[in-house]
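Listed below, chain by chain, are the residues.
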Amino acid sequence: MGAAQWVLLAAALLLAASAAAERKQAIGSFEAHYTLVPTLFLKPAVAADYGITRSRDRALLNVSVLDAEGRPVRVQISGSVRNLLEQQQTLDLREVTEGEAVYYMTEVRHTDREVLRFRFDVVTPDGGRHEFDFQQQMYWEGR
């Protein structure tokens, strides 16, 4: 993908993040920042450029890790999501870099009003192994 396309996606993610509050957690001396937004927040052309399916039952998960100075860092990250019935799915997080920005994203399918529990394992540049988790209730857009 070209630089212009990454800039468009990054701008779309920033707009979406402002609409759905970005959250963060400390992991050692680093911070994990994450957002989970409906894919319908993305413009159709931007979603098509990145192979993201726009649908009321899909959300885009975006995770980034920052060092103590607030600079993004590359990490080894894996994760999973579970619903309240304990059905679990491994997340296929793909790394995206644009200039100095580094983030990891994937699509997540959900039903209306479903509570999803996310869990991540992260290895930071200093070799530290960390875990963090969060949960979020998801809603279908346009219901």
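Heads up: the structure comes first, above all this text.
A quick note: this is a predicted structure, and the numbers were derived from the prediction, not measured. (Residues numbered from 1 in each chain as written. Predicted model: local features only at pLDDT ≥ 70, side-chain atom pairs only at ≥ 80, totals over all residues. Heavy atoms only, no water.)

Engineer: For this particular structure, what's the right way to read the nonpolar core?
Structural biologist: Within soluble globular proteins, side chains that are nonpolar tend to cluster in buried spots. Of all hydrophobic cores here, the largest spans 25 residues; its most connected members are L61, I77, L91, F118, F120 and F132. At the level of secondary structure, the elements contributing two or more residues to this core comprise β2 (30-38), β3 (58-66), β4 (76-82), β7 (101-109), β8 (114-123) and β9 (129-138). If we skip the residues at most four places from it in the chain, F132 touches Q25, I27, A32, Y34, V63, F118, R119, F120 and V122. The next biggest cluster of nonpolar side chains, apart from the first, holds ten residues, and it includes V46, A47, I52 and L60. (Core = buried A, V, L, I, M, F, W, Y, C linked by side-chain atoms within 4.5 Å. Buried < 20%, exposed > 50% of the residue type's maximum accessible area, 1.4 Å probe, protein only. Helix = DSSP H or I, 4+ residues; strand = E, 2+ residues; numbered from the N terminus. Contact = heavy atoms within 4.5 Å.)

Engineer: How should the environment of D126 be read in this particular structure?
Structural biologist: One can find D126 in the loop between β8 and β9. Given the relative accessible area of 55%, D126 is considered exposed. Placed 98 residues apart in sequence, D126 and G28 show a C-alpha to C-alpha distance of 9.9 Å. The residues contacting D126, other than those within four sequence positions of it, are S29 and F30. There is a polar contact of 2.5 Å between the side chain of D126 and the side chain of T124. In terms of polar contacts, D126 uses its side chain to reach the backbone amide nitrogen of G128, at 2.9 Å. (Polar contact = N/O pair within 3.5 Å; in protein donor to acceptor, adjacent residues only side chain to side chain.)

Engineer: Help me understand the pairing of β9 in this model?
Structural biologist: The two faces of the sheet receive side chains in turn, since in a regular strand these alternate between them. Burial of β9 is one-sided: the residues H130, F132, F134, Q136 and M138 facing one way are buried, the residues R129, E131, D133, Q135 and Q137 facing the other way are not. Where β8 lies against β9, ten bridges are found, and the strand directions are antiparallel. Following the sheet pairing, R117 is matched in β9 by Q135. Here β8 folds back onto β9, and the loop between the two strands holds five residues, one of which, G127, carries a positive phi near 85°. (Pairing = 2+ DSSP bridges.)

Engineer: When you look at the environment of L84 in this model, what are you seeing that I'm missing?
Structural biologist: By secondary structure assignment, the location of L84 is in the loop between β4 and β5 (88-91). For the pair L84 and E114, spaced 30 residues apart in sequence, the C-alpha to C-alpha distance is 8.0 Å. With near-sequence residues (within four places) excluded, L84 lies in contact with V115 and R117.

Engineer: What am I meant to see in the sheet that holds β8 here?
Structural biologist: What holds strands together in a sheet is hydrogen bonding between their backbones, with the strands either parallel or antiparallel. Read across the sheet, four strands follow the order β5-β4-β8-β9 without closing on themselves; strand pairing throughout is antiparallel. Strand pairing shows two members of the sheet lacking a second neighbour, β5 and β9, which therefore form its edges. Ignoring strand direction, the axes of neighbouring strands in this sheet form an average angle of 20°. (Axes fitted to C-alpha atoms, helices over the stretch in contact; angles between N-to-C directions.)

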